[in-house]
Amino acid sequence: MLRRHIEEELVLWKNNSKKKCLIIEGARQVGKTFTVREFASKYYENCIELNFISTPSYCKIFDGDLDINTILSNISLYTSYGGKMIPGKTLIFLDEIQACPKARTALKFFSMNGRYDVIASGSLLGISYSNVPSYPTGYVEYLEMYPLTFEEFLWANNVSEDVVCKLRESFKNKEEVNIATNDKMHELFRQYIVVGGMPEVVNNFVKERNYSTVLKLQRAIV
């Protein structure tokens with residue numbers, strides 16, 4: 001499992017008593033869905049996931065009134081979730097929300113109600129603003145998610161946190177690192193330049209170390 005910086009920001013968001021609904025924006029395949037699922041499994045008893053691209057019928061949940069009780073009732077009707085939705089213990093995850101404009105409008109009412117933690121994620125959200133009946137300005141928070149940074153790439157390659165911290169301090173203080181560490185970091189950086197930061201590609205590389213497979217995966221993503 002790849003460790004991502006954004007997980008720390010998600011924990012800060014969850015622990016904020018005055019939080020609003022959260023929208024995670026980012027290109028396709030950067031790991032938005034996987035990261036939210038992992039976060040939910042660690043910090044919530046239940047997660048209700050609605051993916052509006054894989055299951056377009058979920059858009060019907062938001063076709064009528066957008067008061068929270070109606071939405072929750074519709075969720076129970078249109079999904080297989082049969083448990084009790086407990087505030088603070090249940091995360092509502094609206095994935096690929098760009099495919100359901102009215103769900104984006106509903107974020108305003110989720111934030112105003114304040115009972116449930118809601119995360120939405122999507123790609124190319126900016127191009128669909130005109131399709132949203134009432135954009136929830138002031139009622140949502142944003143996080144931008146990108147491909148893996150070099151530091152995250154180091155974590156994926158089992159470089160310890162102690163080494164990463166020491167490198168960070170050396171850089172901050174403009175101090176040289178020893179030759180062995182310097183050579184290893186150069187090697188890893190060259191790998192990072194070739195492999196890039198898309199999670200699927202990095203995952204495959206750290207397991208197989210096969211550049212031919214890396215190239216095939218990169219081309220498939222493009």
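Given the structure is predicted, the values throughout are model-derived calculations rather than measurements.

Draft legend 1. Looking closely at the overall build of the protein chain. Along the backbone of the protein chain there are nine helices and five strands. Secondary structure elements of the protein chain, listed N to C terminal, follow the sequence α-β-α-β-α-β-α-β-β-α-α-α-α-α. Viewed in the frame of its principal axes, the protein chain has a C-alpha envelope of about 65 × 40 × 35 Å. For the protein chain, long-range pairs separated by at least 24 residues make up 76% of all intrachain contacts whose partners lie at least 6 apart in sequence. Of the accessible surface of the protein chain, which amounts to about 12,300 Å², a share of 53% is contributed by carbon and sulfur atoms. When the 27 positive and 26 negative side-chain charges of the protein chain are each reduced to one mean point, those points stand 3 Å apart.

Draft legend 2. Inspection of the pairing of strand 1 (residues 21-25) at higher detail. Taken across its five residues, strand 1 has five buried, putting it largely inside the fold. Judged by which residues are buried, strand 1 turns out to be covered on both faces: Cys21, Ile23 and Glu25 on one side and Leu22 and Ile24 on the other are all buried. Note that strand 1 and strand 5 (residues 140-144) share five bridges and pair parallel. Considered in strand 5, the bridge of Leu22 is made with Glu141. Relative to strand 4 (residues 117-122), strand 1 runs parallel, the two being bridged by four bridges.

Draft legend 3. Main features of the pattern of salt bridges. In this structure the tally under the stated criterion is ten salt bridges. Between Arg3 and Glu8 there is a salt bridge whose closest N-O contact spans 3.8 Å. You can call Arg3 partly exposed: its relative accessible area is 36%. Residue classification places Glu8 among the partly exposed residues on the basis of a relative accessible area of 44%. Note that Arg4 and Glu152 form a salt bridge whose closest N and O atoms lie 3.4 Å from each other.

Draft legend 4. Structural context of a nonpolar patch on the surface. Nonpolar side chains collect at one region of the surface, where Phe189, Ile193, Val194 and Tyr211 lie side by side and expose about 400 Å² of accessible area between them. Among the secondary structure elements, Ile193 is positioned in helix 7 (residues 179-195). Residue class for Ile193 comes out exposed when judged on its relative accessible area of 57%.

Draft legend 5. A look at the nonpolar core. Core analysis: the largest hydrophobic core is formed by 28 residues, its most contacted members being Leu50, Phe52, Phe62, Ile71, Leu94 and Leu107. Excluding residues within four positions of it along the chain, Leu50 makes contact with Tyr58, Ile61, Phe62, Ile75, Thr79, Phe93, Leu94 and Asp95. Counting residues in each nonpolar core, the second largest holds 27 residues, with Trp13, Val30, Tyr44 and Val195 among its members.

Draft legend 6. Spotlight on the side chain of Glu151. Mapped onto the elements, Glu151 comes out in helix 5 (residues 150-156). Note on Glu151: relative accessible area 19%, which makes it buried. Within the structure, Glu151 has its side chain in polar contact with the side chain of Arg168 (distance 2.5 Å).

Draft legend 7. View of the sheet that holds strand 2 (residues 46-51). Across the sheet, five strands lie side by side as 2-3-4-1-5; this open sheet has parallel pairing. In this open sheet, the two edge strands, each paired with only one partner strand, are strand 2 and strand 5. Strand-to-strand twist across the sheet, computed as the mean angle between neighbouring axes with direction ignored, equals 20 degrees. With six bridges joining them, strand 2 and strand 3 (residues 90-95) adopt parallel strand pairing. Residue pairing across strands places Leu50 opposite Leu94, the latter belonging to strand 3. Packed on one face of the sheet, helix 4 (residues 101-113) meets strand 1, strand 3, strand 4 and strand 5 and runs near 145 degrees to strand 1.

Draft legend 8. Quick peek at the packing of aromatic side chains. Summed over the entire model, instances satisfying the criterion amount to nine aromatic pairs. Here the aromatic rings of Phe39 and Tyr43 are separated by 5.2 Å at their centres, their planes lie at 40 degrees, and the arrangement is tilted. Here Tyr43 and Phe39 lie together in helix 2 (residues 32-43), a separation of four residues that amounts to about one turn. A relative accessible area of 40% places Tyr43 in the partly exposed class. One aromatic cluster is present, formed by Phe150, Phe153, Phe189, Tyr192, Phe205 and Tyr211 through successive ring pairs. The positively charged end of Arg3 is found above the aromatic ring belonging to Trp155, 3.7 Å away from the centroid. Sitting over the face of the ring of Trp13, Lys19 holds its NZ or CZ atom 5.8 Å from the ring centroid.

Thresholds, definitions, all that
Residues numbered from 1 in each chain as written. Predicted model: local features only at pLDDT ≥ 70, side-chain atom pairs only at ≥ 80, totals over all residues. Heavy atoms only, no water. Helix = DSSP H or I, 4+ residues; strand = E, 2+ residues; numbered from the N terminus. Contact = heavy atoms within 4.5 Å. Areas by Shrake-Rupley, 256 points an atom, 1.4 Å probe, with all protein chains shown as cover. Lys, Arg positive; Asp, Glu negative; His and termini not counted. Charge placed at Lys NZ, Arg CZ, Asp CG, Glu CD. Buried < 20%, exposed > 50% of the residue type's maximum accessible area, 1.4 Å probe, protein only. Pairing = 2+ DSSP bridges. Salt bridge = Lys/Arg side-chain N within 4 Å of Asp/Glu carboxyl O. Patch = residues over 30% accessible without salt bridge, like charges linked within 9 Å, V, L, I, M, F, W, Y side chains within 5 Å. Core = buried A, V, L, I, M, F, W, Y, C linked by side-chain atoms within 4.5 Å. Polar contact = N/O pair within 3.5 Å; in protein donor to acceptor, adjacent residues only side chain to side chain. Axes fitted to C-alpha atoms, helices over the stretch in contact; angles between N-to-C directions. Phe/Tyr/Trp six-rings, centres within 6.5 Å; stacked < 30°, edge-to-face > 60°. Lys NZ or Arg CZ within 6 Å of the ring centre and 35° of its normal.

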